[in-house]
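Listed here are the chains, written in short residue letters.
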Amino acid sequence: MKALALSSFDDKPSVMDVDDPVPGQGEVLVRVAAASINAFDVRVAAGGVRGFMTYTFPAVVGGDLAGTVEALGEGVDGFAVGDRVFGMMGMKGGVHDGSFGELATPTAASIAKAPDALRDVDGGSLAVAGTTAMSAVDAVAPTDGMRVLVLGATGGVGSFALGLARSRGAHVIASIRPGDEAFVKDLGAAETVDYTGDIAAQIGERYPDGVDAAIDAVSADLGAVAGLVRSGGVVVSTRGAAGKATDIEGVRVTDANANTAHLAPLADMVVAGELKVAIRKTYPLADAAQAMADFEQQHTVGKLVITM
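Now for a quick tour of the structure. (Residues numbered from 1 in each chain as written. Predicted model: local features only at pLDDT ≥ 70, side-chain atom pairs only at ≥ 80, totals over all residues. Heavy atoms only, no water.)

**Describing the overall build of the protein**
What the protein contains, in helices and strands, is eight helices and 17 strands. Its C-alpha atoms give the protein a radius of gyration of 19 Å, within 12% of the compact-globule value 19 Å for 308 residues. Principal-axis analysis of the C-alpha atoms gives the protein an extent of 60 × 40 × 35 Å. Looking at the 308 residues of the protein, the share that counts as buried comes to 55%. For the protein, contacts bridging at least 24 residues in sequence account for 64% of all contacts bridging at least 6. Counting every atom, the protein has about 12900 Å² of accessible surface; 49% of that belongs to carbon and sulfur. Charged side chains of the protein number 23 positive and 38 negative; the gap between the two group centres comes to 3 Å. (Helix = DSSP H or I, 4+ residues; strand = E, 2+ residues; numbered from the N terminus. Rg over C-alpha atoms; globule rule 2.2 N^0.38 Å. Buried < 20%, exposed > 50% of the residue type's maximum accessible area, 1.4 Å probe, protein only. Contact = heavy atoms within 4.5 Å. Areas by Shrake-Rupley, 256 points an atom, 1.4 Å probe, with all protein chains shown as cover. Lys, Arg positive; Asp, Glu negative; His and termini not counted. Charge placed at Lys NZ, Arg CZ, Asp CG, Glu CD.)

As C-alpha cells, then:
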C-alpha cells in the first residue's frame, strides 16, 4: 500500500510503498478514508519520541482515522466487515503502524462506529483533539455564563474546546492573533484576547478578579495561566503541564487527555450540528508530506486532513 512513512531517523517522512498491515489480536483492519494531523504526529515524524517508543522502519505516521472495516483480528467483537468507523490507532507499543496510509490496524478499543451522516473528513479529525478537548471541558464543568479562557483556541484541541464549552453555556474568551477573530467567533467565542500582546493585562483590565476557568492547549508552565484565574477557579492543561500539581495559589490545576469514551458523543454532536469540525484544508495522500510541513511551519487555524 501507499503510506506516509519514515525509512530512517535521517530522512523526512515521504509517501512510499509499504507492506499491507495485518490485524493482530484485538485489532481491526481499516481502509482509511481520511486522517487528520496532530502535533504528536509531527513529533513522531521528527524522531522525537525515540526516547520512550521503539521505531520499526518503515514507520507509518498518523494517529487519527476514519474509514471502513476490511477485516477483524482475533478476539474482536462489536464490529463487522463493511462498518464505517472512526477513532485513533490506540497504544501500539511502538512506532510502525500509523493511519496516514491506505490501510491501518487500529485497536478495536480505540475506534467507534460512525453515524451514517458523519463525514469521513470530520470523523478523521475527532479522535485525538476532540476527545482531549471534551476531557478538558468535562474537568471545567461549565455552567451558563461561566467565563472560560481558551488558550490555543485556533488549534485542533483549542477549537474543539471552544465549541464544546460554548455548547454548555460558557462565555468563551479565545486567545488568538490578529486576523483570527472571525474564525473563533464562528465557533462560538464571545470575545478574544491577542496572544501576541500582554494577555495578563488584557484579562486583568476586563476581569480584575480573573476568569472562572482556563483551558490551556499551549503552555508548558501553568503558573502564569493560573494567575489569570480567580481564586477557586480551575486551569486544565491538555499538554500535561499540571503533572502532580493540584493547586496553584488557590486555583485548581489538572491535566486532560484523550479518551475514546468521548468518540460517540462527539460524533452525535457533529451530526446534530451542535459542534463544528474546523477543517482548514484537505490534502490527497500523495501530498501528505506537504501537509505535515504546512502543519509544522504555518500558523495553525483549524485541522489539516489527509484523504486517501
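That was the structure; now back to the text.
**Digging into the nonpolar core**
Formed by 47 residues in total, the largest nonpolar core has its most connected members in Phe-86, Leu-126, Val-140, Val-148, Leu-162, Leu-164 and Val-184. It is helix α2 (residues 120-140) that provides the largest number of residues to this core, a total of eight residues. Not counting the four nearest positions on each side in its chain, Leu-162 is found in contact with Val-150, Ala-153, Val-172, Ala-174, Val-184, Leu-187, Gly-188 and Ala-189. Judged by nonpolar contacts, the second largest core, of 27 residues, contains Val-28, Val-30, Ile-37 and Val-61. (Core = buried A, V, L, I, M, F, W, Y, C linked by side-chain atoms within 4.5 Å.)

**With respect to the pattern of salt bridges**
Taken as a whole and assessed by the stated rule, the structure comprises twelve salt bridges. For Lys-92, the salt bridge is made with Glu-27, and the minimal N-O distance between the two is 2.6 Å. Residue Lys-92 is located in the loop between β6 (84-88) and β7 (103-104), and its partner Glu-27 is located in the loop between β2 (14-17) and β3 (28-36); the two are separated by 65 residues in the primary sequence. Note that Asp-120 and Arg-84 form a salt bridge whose closest N and O atoms lie 3.0 Å from each other. Residue Asp-120 is found in helix α2, and its partner Arg-84 is found in strand β6; the two are separated by 36 residues along the sequence. Given the relative accessible area of 27%, Arg-84 is considered partly exposed. One salt-bridge network, in which partners are shared between bridges, spans Glu-27, Lys-92 and Asp-97. (Salt bridge = Lys/Arg side-chain N within 4 Å of Asp/Glu carboxyl O.)

**Remarks on the sheet that holds strand β14 (residues 247-248)**
Here we have seven strands laid out as an open sheet, ordered β11-β10-β9-β12-β13-β15-β14, and mixed in their pairing. The sheet is open, and its two edges are formed by β11 (191-194) and β14, each paired on a single side. As paired elements, strand β12 (residues 211-216) and strand β13 (residues 229-237) share five bridges and run parallel to each other. Paired with Ile-215 across the strands is Val-236, a residue of β13. Lying over the sheet, helix α5 (residues 199-206) contacts β9 (147-151), β10 (171-176), β11 and β12, oriented at roughly 145° with respect to β11. (Pairing = 2+ DSSP bridges. Axes fitted to C-alpha atoms, helices over the stretch in contact; angles between N-to-C directions.)

**Description of the packing of aromatic side chains**
By the definition in use, this model includes three aromatic pairs. Consider the rings of Phe-9 and Phe-57, whose centres lie 5.0 Å apart with planes at 85°: the pair is edge-to-face. Residue Phe-9 is found in the loop between β1 (2-6) and β2, and its partner Phe-57 is found in the loop between α1 (39-45) and β4 (59-60); the two are separated by 48 residues along the sequence. Residue Phe-9 is classed as partly exposed on the basis of its relative accessible area, which comes to 34%. (Phe/Tyr/Trp six-rings, centres within 6.5 Å; stacked < 30°, edge-to-face > 60°.)

**Considerations on the sheet that holds β1**
In space, the three strands of this open sheet follow the order β2-β1-β4, with antiparallel pairing throughout. With partners counted over all chains shown, the strands left at the sheet margins are β2 and β4, one partner each. The pairing of β1 with β4 spans two bridges and is classified as antiparallel. Within β4, the residue paired with Ala-5 across the bridge is Val-60.

**Focus: the packing of α2 against helix α7 (residues 263-271)**
Running from N to C, α2 and α7 point in directions that differ by 115°, and their axes come no closer than 9 Å. In the packing of α2 onto α7, the handedness of the crossing is right-handed. Each of Asp-122, Leu-126, Ala-127, Gly-130, Thr-131 and Met-134 in α2 lies in contact with α7, whose residues at this interface are Leu-263, Pro-265, Leu-266, Ala-267, Met-269 and Val-270. For the contact of α2 with α7, the per-class residue count stands at nine nonpolar, two polar and one charged. (Left-handed = near helix turned anticlockwise from the far one by under 90°. Nonpolar A, V, L, I, M, F, W, Y, C, P; charged D, E, K, R; others polar.)

**Looking at the environment of Val-121**
By secondary structure assignment, the location of Val-121 is in helix α2. Taking the relative accessible area as the measure of exposure, Val-121 reaches 18% and is therefore buried. Taking C-alpha positions, Val-121 is 8.8 Å from Leu-65, a pair spaced 56 residues apart along the chain. When residues no more than four places from it in sequence are discounted, the contact partners of Val-121 are Ala-34, Ile-279, Thr-282, Val-305 and Thr-307.

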